[in-house]
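Close look at the chain arrangement
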Amino acid sequence: MFLNDFARRDKTRAAWHAAHSSQSGDGRDPSGQAGPLLGRNLADTGGLPPTVAAIGHHRGMPLHSTAVDEAGGICRRKALRGGVLLGALAVGGILGGCGLRLERSAPSVPLLPAARPYPGADALRAELARCRVAQEGAQDWSRAGGPALARTLVQLHAVQIDALEARLREVHETVPTPSAASPGSTPAPTARSAGGGTGLQDVLLAAERAGIAGSQLASTPAADRSLLAGCLVGRAQAARLLGAPALAGPRSPQPASPEEAAELLGVVHPVLYGLEVATAVVVVARAPLAKVARLSLTSVQRQRQVLVQAAGSSAPAPRLGYTLPGPIDTAPAAQALARDLLSDLADAYLRMIGRLPQAADAGPRAQVARADGTTRPDAEGADLAAAIAGLLGWAREAEFWRGTWGAPPRAVPGG
């Protein structure tokens, strides 16, 4: 059996050699052409093994692939450039569709829209400029030998400036560079002005009163109103400490819609209860703050009356009593309580200013139906300017009475 296998193998080898014996010893046939499988080294086949090169030759492919490589490279480069372009288009479309924009300081990129200016940037920069001017005035007064109040106002305005600059950076707006103020550029006068203060004090007073009416708040975004209103109230209180009279508020305040007025009553009722307790304590003790206690109590009572009328049927009834932070049986305890309560009241008014919806116009309030069939003023059509003016005036008033109870001025009430 094994002998038969060897015999068959020998016959196969002989047949193969006979079939190729007509070729020359160098692998070429009598016509001089290279055979299909033999006579081609790796150099002749472009680095391919002879068998693979021969298969490609029989299929009509050139043995040397330089042209193919060049053409293929060109095609690959074109495909790559096309893929990159399509990818950029796709990414640009996705980013634009998602509402993404470039930062305002970034260079323009094709297909990606540039960021729009923040609508409240001008109001923030304007208040920032006023606070910087007021700080420079306080610094000049302090360097000229002014009282401790000058140094207090320097620190107060520094806090305001930091808050406004932080807000501008938060909305990706450019923070303006402060103007270089030359120290001591304004000489300290020796005479008193007609207003009773030095010339530097009058300059500072004018800076503190600039723009504190807040007429521009109605056109600013709701997200910025609390900060801006807090700065205005802080500067108004500084002006009062410098001798300025109280800024007149609206004769008929329009604090908010009935629902918002009812919400504010939830703050006013406990504040009024605590002030009644504090007033009773200082009056009985015949403390120097007795007159201040009565006046501040009367001020909050007037505010409550307006809010009750504005809330209408939704006005909550006051409780019979509210929890106090501790025993209020001495004049100092009553004084501390009154300070805290008036701080809470001013903060509540300022936060409500920031929560008022942005009105489409400043016209009369439109009426919308409630679930019970009654109507209420529509916040979208509210007279936003009047509502802000009423709340801002009450916040200034509460902050002033807080100061008369002995509290130091705050930079950004409500913040």
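Residues numbered from 1 in each chain as written. Predicted model: local features only at pLDDT ≥ 70, side-chain atom pairs only at ≥ 80, totals over all residues. Heavy atoms only, no water.

It is worth spelling out the overall build of the protein at this point. Within the protein one finds 11 helices and 2 strands. The order of helices and strands in the protein, counted from the N terminus, is α-α-α-α-α-α-α-α-α-α-β-β-α. Partitioning the contacts of the protein with sequence separation of at least 6, the portion at a separation of at least 24 is 70%. (Helix = DSSP H or I, 4+ residues; strand = E, 2+ residues; numbered from the N terminus. Contact = heavy atoms within 4.5 Å.)

Further remarks concern the confidence of the model for the protein. Looking at the protein, the pLDDT average stands at 77 and 62% of residues meet or exceed 70. Note that residues 181-196 has pLDDT below 50 and, in this model, 16 contacts with residues that lie over four places away or in other chains. Low pLDDT, under 50, characterises residues 378-382; the predicted model gives this stretch 18 contacts beyond four residues in sequence or across chains. (pLDDT = per-residue confidence, 0-100.)

Tallied over the entire structure, the rule returns 13 salt bridges. Close ionic contact of E263 with R355 constitutes a salt bridge, the shortest N to O distance being 2.4 Å. Taken together, the residues span a long stretch of sequence, with E263 in helix α8 (residues 258-284) and R355 in helix α10 (residues 331-355) at a distance of 92 residues. By relative accessible area, which is 37% here, E263 ends up partly exposed. Overall, the relative accessible area of 51% leaves R355 in the exposed class. Between E397 and R302 there is a salt bridge whose closest N-O contact spans 3.6 Å. Within this pair, whereas E397 is found in helix α11 (residues 384-404), its partner R302 is found in helix α9 (residues 290-311), the two being separated by 95 residues in sequence. Three or more residues are tied together by salt bridges with common partners; here these are D347, E399, R402 and R410. (Salt bridge = Lys/Arg side-chain N within 4 Å of Asp/Glu carboxyl O. Buried < 20%, exposed > 50% of the residue type's maximum accessible area, 1.4 Å probe, protein only.)

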